[in-house]
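# Analysis of the macromolecular model
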Amino acid sequence: FQTIRRECDLSTIPQSARDIVVRMVHACGMPEIVPDVVVTADFASTASQALRAGAPVLTDAEMVRHGIISKTQQVICTLNDPRARDIGVASETTRSAASVDLWRDKLAGSVVVIGNAPTALFRLMELIDETGIKPAAIVGMPVGFVGAAESKQALIDNPRGVPFITLRGRKG
């Protein structure tokens, strides 16, 4: 971590989020991601407060669900819920996007971690617009070549009053 702090210019990152960004760089081994990190000044404190208060973590990917180690948080991924498939077929959308609809009763005050599907991040923003229900914070890190950069830019352009962290471009 000392090496990362020495090699990375973290001056554009809010002080409260620098440890998070250092861990991001550590996880991928890529100091060059730092200029692409976009994080609101209140993200770290708001997300931490929500988690300390017992807010659930909602995620779009089983890999992310399994990667979150917590003895106290409820970590929920509805991707494999049979209702997600049914909603996706009925709505002519991806299962990832449809699974977000199953978060309605837990969305308020939650911490949302999108770690795979751009369609899930797009649907989350639509759901916030439709219902007015907001999570406490959003980790918007979908990956890939179709929609990832666009979904993250949409979050940057209009975070709907929700603190967030994201990484511009295709990486997540």
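Residues numbered from 1 in each chain as written. Predicted model: local features only at pLDDT ≥ 70, side-chain atom pairs only at ≥ 80, totals over all residues. Heavy atoms only, no water.

Pairs may arise between side chains of opposite charge once their charged atoms sit close together. Throughout the structure, instances matching the rule amount to nine salt bridges. The residue D19 makes a salt bridge to R5 at a minimum N-O spacing of 2.2 Å. Of this pair, D19 sits in helix α2 (residues 18-28) while R5 sits in helix α1 (residues 2-7); the two residues are 14 residues apart in sequence, bridging distant segments of the chain. Under the relative-accessibility criterion, R5 is labelled partly exposed at 39%. R123 serves as the salt-bridge partner of E126, at 3.2 Å between the closest nitrogen and oxygen. Remark: R123 and E126 occur in helix α7 (residues 118-131); sequence separation between them is three residues, near one turn of the helix. The class for E126 is partly exposed, based on a relative accessible area of 42%. (Salt bridge = Lys/Arg side-chain N within 4 Å of Asp/Glu carboxyl O. Helix = DSSP H or I, 4+ residues; strand = E, 2+ residues; numbered from the N terminus. Buried < 20%, exposed > 50% of the residue type's maximum accessible area, 1.4 Å probe, protein only.)

Next up on the list: the environment of V39. Looking at the element boundaries, V39 is found in strand β1 (residues 37-39). The spacing of V39 and G144 is 105 residues in sequence and 20 Å in space, taken between C-alpha atoms.

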